[in-house]
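# Summary of structural features
In case you want the letters, here they are:
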Amino acid sequence: MAKRIEVSGLHAYYGGTHAIEDISMTVEPRSVTAFIGPSGCGKSTFLRTLNRMHEVIPGARVEGKVMLDDEDLYGPSVDPVAVRRTVGMVFQRPNPFPTMSIFDNVAAGLKLNGVRRKSQLDDIVEESLKGANLWEEVKDRLGKPGAGLSGGQQQRLCIARAIAVQPQVLLMDEPCSALDPISTLAIEDLIAKLKNQYTIVIVTHNMQQAARVSDRTAFFNIAGTGKPGKLIEIDDTSKIFTNPEQKATEDYITGRFG
Amino acid sequence: MSSQSGVDAAVGARHRAPGRRLSTGQAGDRIFAGAARGSGILVLAIMAAIAVFLVWKAIPALQANKANFLTSQDWNPNATPAKFGIVQLAFGTVVSSALALIIATPVAIGIALFIAFYSPRKLSAGLGYVVDLLAAVPSIVYGLWGLLVLAPHMDGVSKILNTVLGWIPFFGGDSPGKNSIFTASVVLAIMILPIISSISREVFLQVPRANVEAALALGATRWEMIRLSVLPYGRSGVIGASMLGLGRAMGETIAVAMVLTFAPGVNVHILEDGGNTFAANIAKSFGEATSTGRGALIASGLVLFVITLVVNMAARAVVARRKEFV
């Protein structure tokens, strides 16, 4: 269920703005890769190129290659809609569908994939909510609005929605930045569990979080305002946080940045 | 609210000399406050004066009426004794407006969705402008177009509808024609299209980016994204827009007056010539009316006023309820 991502020579643009420059990296399956770096360095932009969400912004485009095992996500015959069904995404702010019940939120992606049988939907929704560590809290109120849950619960609901369609890869864009420490812990526990099944990429501003949850860490930086973001280095998390190759990385993680 | 007053307090503190009263008390402020308050009161006073005038003029005619004003199908206020009731007018007004709404709403939603999500960005601005321009065309022009261009073509359409859907009472009848309530509805539909379409478009454009991306990231196509995120969010806004369109359709005068041929009585076969509405009836018969006839027309205008008011209040209630959710 998990696939390897290989990125080579990737550039992303917003209209005339060059947002990220020449990024190449490999993301291993069944592992957690964390992206760290200062604001505006292109971490989120890069993350969004991995499921072709970057291009939904008007004027945005991508150059380069993203291979998911042996399939080029930017190949000429590839449908971005199909890519997004394979590479799931969780956003910074929990965004359940506001008018839908908890059940319907989780089932939304399944229905898009043509799953209609009630018994099958029931099974997958239960399995996904259990997978997102949310089942015990919501099993008695599946018909209630998803927007009525707490922020942390909503974020786990969004994770359940993303894993319900059994993606190959799960992208998380600062999934805990709008949450309190208890909810953050719940999500981090969940990430540790999910990495047994999925390839996970997480953007985070919290370096402790990166150190806690990830196997590998990539550090991004930006030379100055208006300059494109670059990948400085990617390595095992323990190495990045103890003995990074690059001086810029060391400055950033020890707080001497800028 | 609290931050607003906080800003006011801070601004006030900076401009206030020590020991002076709280209001800055400058002449400009007082003149502006007075002018604003005066304008507000003036509007209410004019509204009240119109209502009083209408009621005052209507009462003598209603007293002279020998038929039931609310249930009679006759409209003979100029005869002696005067006999008039609003049933025929209410029927024509409500049916033509409702039908216009049924025709216009799906088209308007389609236009709004196209402009908001499908058309290239350069095209969408111009397209929105053109649709809004439809609202600026004078209704007399719509009337002329309806009478001279649309009506001749509606003859054939009416006959086909009559043949195919004749089993539905509304589309039944023996002599489908071109100057019918149905033709008037089509003209009205085009007239209310811009208001429904532009409000719907605004609502659709306000759908939070997070909702849109939630659907797209799940692998929704554009249409699936619209179904999952846009339509649920915009539903009450679209309902409000349709109600405003309905209000406009019910009050429309001259275009309907030009298209319809007058025939007495209620005819449920809307493909047949004839029918009448409150506003069209007033426009057509006010000139030759006796004083009782004028009073009767004014009374019918009052009824239209009340119906339109109710529709508008319903629209506002729907739109306001949406604000609570968002």
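Given the structure is predicted, the values throughout are model-derived calculations rather than measurements.

This brings us to the pairing of strand S3 (residues 32-36) of chain A. Residue and element names in this part refer to chain A. Most of S3 is tucked away: 5 of the 5 residues are buried. The alternating pattern of S3 places Val-32, Ala-34 and Ile-36 and Thr-33 and Phe-35 on opposite faces, both of which are buried. Pairing analysis gives 4 bridges linking S3 to strand S8 (residues 199-203), with the strands arranged parallel. The residue of S8 that forms the bridge with Ala-34 is Ile-202. Summarising the sheet, S3 and strand S9 (residues 216-222) pair through 4 bridges and their orientation is parallel.

Looking now at the confidence of the model for chain B. Residue and element names in this part refer to chain B. Confidence in the prediction for chain B averages 85 pLDDT; 90% of positions are at 70 or higher. Between the elements of chain B, mean pLDDT differs from a low of 42, seen in helix H1 (residues 2-15), to a high of 93, seen in helix H3 (residues 87-118). In the model, residues 1-16 has pLDDT below 50 throughout and makes 2 contacts with residues more than four positions away in sequence or in other chains. Here the prediction assigns the complex a pTM of 0.80, and the interface score ipTM is 0.89.

Residue and element names in this part refer to chain A. Structurally, Glu-188 is set in helix H7 (residues 181-194). For Glu-188, the side chain forms a polar contact with the side chain of Gln-209, separated by 2.9 Å. For Glu-188, the contacting residues outside a window of four places in its chain are Gln-209, Arg-212 and Val-213.

Ranked by internal contacts, the top residues of the largest apolar core, which has 56 residues, are Trp-75, Phe-84, Phe-182, Val-187, Ile-192, Ile-196 and Phe-278 of chain B. Breaking this core down by element, the ones donating at least two residues are helix H2 (27-64), H3, helix H5 (139-165), helix H6 (181-205), helix H8 (222-251), helix H9 (254-259), helix H10 (278-285) and helix H11 (291-325) of chain B. A total of 11 residues in this core trace back to one element, the largest contributor, which is H6 of chain B. Counting residues in each nonpolar core, the second largest holds 54 residues, with Ala-12, Leu-47 and Val-169 of chain A together with Tyr-233 of chain B among its members.

When the parts of a complex come together, some accessible area is lost, and that lost area is often taken as the interface size. Taken together, the contact pairs 17 residues of chain B with 20 residues of chain A. A per-residue breakdown of the area chain B buries against chain A is headed by Ala-217, Leu-218 and Leu-228 of chain B, which together make up 35% of the total. Linking chain B to chain A there are 2 salt bridges. The shortest N-O distance in the salt bridge between Arg-48 of chain A and Glu-213 of chain B comes to 2.6 Å. Put simply, chain B and chain A have 4 residue pairs in polar contact (both at pLDDT 80 or more) between them. For the side of chain B that touches chain A, the secondary structure elements donating two or more residues are helix H7 (209-217) and H8 of chain B.

The next subject is the UniProt feature "domain: ABC transmembrane type-1" (unreviewed entry) in chain B. UniProt annotation of "domain: ABC transmembrane type-1" (unreviewed entry) refers to residues 90-315 of chain B when read in the numbering used here. A helix fraction of 77% and a strand fraction of 0% characterise residues 90-315 of chain B, whose end C-alpha atoms lie 20 Å from each other.

All names here are of chain B. The end-to-end C-alpha distance of H2, which contains 38 residues, comes to 56 Å, matching closely the 56 Å that a straight helix rising 1.5 Å per residue would cover. Remark: the principal bend of H2, roughly 30°, maps to Ala-58, with a proline, Pro-60, within the next four residues. Taken together, the buried positions of H2 are occupied by Leu-54, Ala-58 and Ala-61.

Right, let's get into the packing of aromatic side chains. By the definition in use, this model includes 7 aromatic pairs over all chains. Ring geometry for Phe-35 of chain A versus Phe-220 of chain A: centroids 5.1 Å apart, planes at 55°, classification tilted. Placement of Phe-35 of chain A in strand S3 and of Phe-220 of chain A in strand S9 is noted, with a sequence separation of 185 residues between them. Pair check on accessibility: Phe-35 of chain A and Phe-220 of chain A agree, each one buried. Note on Phe-69 of chain B and Phe-84 of chain B: the rings are 5.9 Å apart at their centroids and 85° apart in plane angle, and the pair reads as edge-to-face. Of this pair, Phe-69 of chain B sits in the loop between H2 and strand S1 (75-76) while Phe-84 of chain B sits in strand S2 (residues 83-84), and the two are 15 residues apart along the sequence. Phe-69 of chain B gets classed as buried once you look at its relative accessible area, which sits at 14%. Joined through ring pairs, the aromatic side chains of Phe-35, Phe-46 and Phe-220 of chain A make up one cluster.

Sequence positions flagged by UniProt for "domain: ABC transporter" (unreviewed entry) are, in local numbering, residues 5-247 of chain A. Between the end C-alpha atoms of residues 5-247 of chain A the distance is 27 Å, and the span holds 35% helix and 27% strand.

With that settled, the discussion passes to the packing of helix H4 (residues 118-131) of chain A against helix H6 (residues 151-164) of chain A. All names here are of chain A. Two elements in contact, H4 and H6, have axes separated by 8 Å at closest approach and are oriented at 130°. Considering their axes alone, H4 and H6 lie oblique with respect to each other. Where H4 crosses over H6, the handedness of that crossing is right-handed. Residue-level contacts link Ile-124, Ser-128, Leu-129 and Gly-131 of H4 to Leu-157, Ala-160, Ile-163 and Ala-164 of H6. Classifying every residue of the contact of H4 with H6 by side-chain character gives 6 nonpolar, 2 polar and no charged.

All names here are of chain B. Mapped onto this numbering, the UniProt entry gives "transmembrane region" (unreviewed entry) at residues 40-59, 86-117, 129-151, 180-199, 253-271 and 295-315. With 97% helix and 0% strand, residues 86-117 has its two end C-alpha atoms placed 45 Å apart. With 83% helix and 0% strand, the stretch residues 129-151 has end C-alpha atoms that lie 28 Å from each other.

Bringing the pattern of salt bridges into the picture now. Within this structure, the stated rule accounts for 21 salt bridges over all chains. Notably, a salt bridge pairs Lys-111 of chain A with Asp-104 of chain A, separated by 3.5 Å at the nearest N-O pair. A residue is classified by how much of its surface remains accessible, and Asp-104 of chain A, at 29% relative accessible area, is partly exposed. We note a salt bridge from Arg-212 of chain A to Glu-188 of chain A, for which the minimum N-O separation is 2.7 Å. Here the residue Arg-212 of chain A occupies a position in helix H8 (residues 207-213), and Glu-188 of chain A occupies one in helix H7, the gap between them amounting to 24 residues. Salt bridges linked by common partners bring Arg-48 of chain A together with Arg-209 and Glu-213 of chain B together as one network.

Calculation rules
- Residues numbered from 1 in each chain as written.
- Chains lettered and ligands numbered in written order.
- Predicted model: local features only at pLDDT ≥ 70, side-chain atom pairs only at ≥ 80, totals over all residues.
- Heavy atoms only, no water.
- Buried < 20%, exposed > 50% of the residue type's maximum accessible area, 1.4 Å probe, protein only.
- Helix = DSSP H or I, 4+ residues; strand = E, 2+ residues; numbered from the N terminus.
- Pairing = 2+ DSSP bridges.
- pLDDT = per-residue confidence, 0-100.
- Contact = heavy atoms within 4.5 Å.
- Polar contact = N/O pair within 3.5 Å; in protein donor to acceptor, adjacent residues only side chain to side chain.
- Core = buried A, V, L, I, M, F, W, Y, C linked by side-chain atoms within 4.5 Å.
- Buried area = accessible area lost by both parts, 1.4 Å probe.
- Salt bridge = Lys/Arg side-chain N within 4 Å of Asp/Glu carboxyl O.
- UniProt positions renumbered as here; feature names shortened; annotations may be inferred.
- Expected span 1.5 Å × (residues − 1).
- Bend = angle between axes of the 7 residues up to and from the residue.
- Phe/Tyr/Trp six-rings, centres within 6.5 Å; stacked < 30°, edge-to-face > 60°.
- Axes fitted to C-alpha atoms, helices over the stretch in contact; angles between N-to-C directions.
- Parallel < 35°, antiparallel > 145°, perpendicular 65-115°, else oblique.
- Left-handed = near helix turned anticlockwise from the far one by under 90°.
- Nonpolar A, V, L, I, M, F, W, Y, C, P; charged D, E, K, R; others polar.

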